[in-house]
Amino acid sequence: MNVIIIEDEKPSARRLQRMLKALDMNTDTMLHSVEESIDWFQNNEHPDLIFLDIQLSDGLSFEIFEAIDIKSAVIFTTAYDEYALQAFKLNSIDYLLKPIDDEDLKMAVEKYNGRTPQKQSVTLDFNDIKNLLVNPIEREYKKRFSVKVGQHLKLINIEDIECIYSENKGTYAYTNEGRNYLLDATLDQLEEELEPNVFFRISRKFYININAIKDMVSYTNSRLQIKLNRFNEQDIIVARERVKDFKNWLE
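Below: a short report on this structure. (Residues numbered from 1 in each chain as written. Predicted model: local features only at pLDDT ≥ 70, side-chain atom pairs only at ≥ 80, totals over all residues. Heavy atoms only, no water.)

## Section: unusual backbone geometry
Although it is not a glycine, Asn 168 adopts a positive phi angle of roughly 50 degrees. Looking at the secondary structure, you find Asn 168 in the loop between strand 10 (161–167) and strand 11 (170–175). A relative accessible area of 72% places Asn 168 in the exposed class. A positive phi angle, close to 55 degrees, is found at Asn 221, a residue other than glycine. If you trace the backbone, Asn 221 turns up in the loop between strand 15 (213–219) and strand 16 (223–228). (Helix = DSSP H or I, 4+ residues; strand = E, 2+ residues; numbered from the N terminus. Buried < 20%, exposed > 50% of the residue type's maximum accessible area, 1.4 Å probe, protein only.)

## Some thoughts on the packing of helix 1 (residues 10–22) against helix 5 (residues 102–113)
Running from N to C, helix 1 and helix 5 cross one another at 60 degrees; their axes reach a closest spacing of 11 Å. Helix-helix and strand crossings are classified by hand; for helix 1 and helix 5 the assignment is right-handed. Each of Leu 16, Met 19 and Leu 20 in helix 1 lies in contact with helix 5, whose residues at this interface are Asp 102, Leu 105 and Val 109. Class assignment for the residues of the contact of helix 1 with helix 5 results in five nonpolar, no polar and one charged. (Axes fitted to C-alpha atoms, helices over the stretch in contact; angles between N-to-C directions. Left-handed = near helix turned anticlockwise from the far one by under 90°. Contact = heavy atoms within 4.5 Å. Nonpolar A, V, L, I, M, F, W, Y, C, P; charged D, E, K, R; others polar.)

## Overview of the side chain of Arg 242
Mapped onto the secondary structure, Arg 242 falls in the loop between strand 17 (236–238) and helix 7 (243–250). By relative accessible area, Arg 242 is classed as buried at 7%. Each residue touching Arg 242, except ones within four places of it in the same chain, is listed here: Ala 79, Lys 98, Pro 99, Phe 200, Arg 201 and Ile 202.

## A word on a negative patch on the surface
A contiguous patch of negative charge, built from Glu 35, Glu 36, Asp 39 and Asp 58, is present on the exposed surface. Secondary-structure assignment places Glu 35 in helix 2 (residues 34–43). By relative accessible area, Glu 35 is classed as exposed at 62%. (Patch = residues over 30% accessible without salt bridge, like charges linked within 9 Å, V, L, I, M, F, W, Y side chains within 5 Å. Areas by Shrake-Rupley, 256 points an atom, 1.4 Å probe, with all protein chains shown as cover. Salt bridge = Lys/Arg side-chain N within 4 Å of Asp/Glu carboxyl O. Lys, Arg positive; Asp, Glu negative; His and termini not counted. Charge placed at Lys NZ, Arg CZ, Asp CG, Glu CD.)

## What to know about the sheet that holds strand 16
Spatially, three strands are ordered 15-16-17 in an open sheet, and the strand pairing comes out antiparallel. The two strands at the open ends of the sheet, each matched to only one other strand, are strand 15 and strand 17. Neighbour-to-neighbour, the strand axes of the sheet open up by a mean angle of 30 degrees, direction not taken into account. The pairing of strand 15 with strand 16 spans six bridges and is classified as antiparallel. Bridge pairing in strand 16 places Met 216 opposite Ile 226. (Pairing = 2+ DSSP bridges.)

## Examining the environment of Gln 55
Note that Gln 55 resides in strand 4 (residues 55–56). For Gln 55 and Asp 8, which are 47 residues apart along the polypeptide, the C-alpha to C-alpha distance reads 8.0 Å.

## Some words on the nonpolar core
For soluble globular proteins, the rule of thumb is that nonpolar side chains tend to be buried together. Ranked by internal contacts, the top residues of the largest apolar core, which has 19 residues, are Ile 4, Ile 6, Phe 41, Ile 50, Leu 52, Ile 64 and Ile 70. Membership of the second largest hydrophobic core comes to 18 residues, among which are Tyr 165, Phe 231, Ile 236 and Trp 249. (Core = buried A, V, L, I, M, F, W, Y, C linked by side-chain atoms within 4.5 Å.)

## Here's the deal with helix 7
Within helix 7, the full set of buried residues consists of Val 243, Asp 245, Phe 246 and Trp 249. One side of helix 7 holds all its buried residues, which, seen down the axis, span an arc of 160 degrees. Contacts from the buried residues of helix 7 go to strand 13 (199–201), strand 14 (206–209), strand 15, strand 16 and strand 17. (Arc of directions from axis to C-beta.)

## Let's talk about the packing of aromatic side chains
In total, this model carries ten aromatic pairs according to the counting rule given. Chaining the aromatic ring pairs together yields one cluster made of Tyr 165, Tyr 172, Tyr 174, Phe 206 and Phe 231. (Phe/Tyr/Trp six-rings, centres within 6.5 Å; stacked < 30°, edge-to-face > 60°.)

## A look at the pairing of strand 9 (residues 152–157)
Here six bridges tie strand 8 (residues 144–149) to strand 9, and the two strands are oriented antiparallel to one another. Across the sheet, the residue bridging to Phe 145 is Ile 156, located in strand 9. Where strand 8 folds back onto strand 9 in an antiparallel hairpin, the turn is made up of two residues, including Gly 150, whose phi is positive at roughly 65 degrees.

So this is what it looks like as structure tokens:
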């Protein structure tokens, strides 16, 4: 199988390459920009499968499809949330939210391997997708949670939550009062419900509230450690693959 990776962050590309190798998929070609990708596709046989980041250093990766009639299957790797990806009208196999999880990658590859082996042109509604990414759909985000405390229900306003994290198969909200509350949802289920300008998923385990950040410190392996106003029950580390997106989010 001929597989390539198109990803502008070289450490992320190398990490994905290692993860694919563990699944017996060797990837010799890694491209890092729209311009480089267009040039490569013009001069090489198109691969069976592309792992494609949406946002590249010199533009959206959809520009590659505008310039080249690509007949490969595509698995997107992206930091955009699920509701944006629902607008894609293309011959995509799957998409993987960053930071990419080993099990999610394995499932996406199995989905590709299980499809009928045929090549079809990728078709995109470029204008709709670009407009969605630049001007996301206006939507209502969660304003409060109702949680059970003994025999009572308590309302927690979203602005009072410093972070939301998973632990021992449970999901907890930590408030600025220094209390933890068990939520009836997983972090993945909250993906579409939290205001993205306020909450950021720094790892598979943590969402943090931008208004609760007290300090940010350089950490090992090019990561960041976050200090919140009150939460100190465990270290809060921004995954290396999320550091760039996190810094962009802060601005």
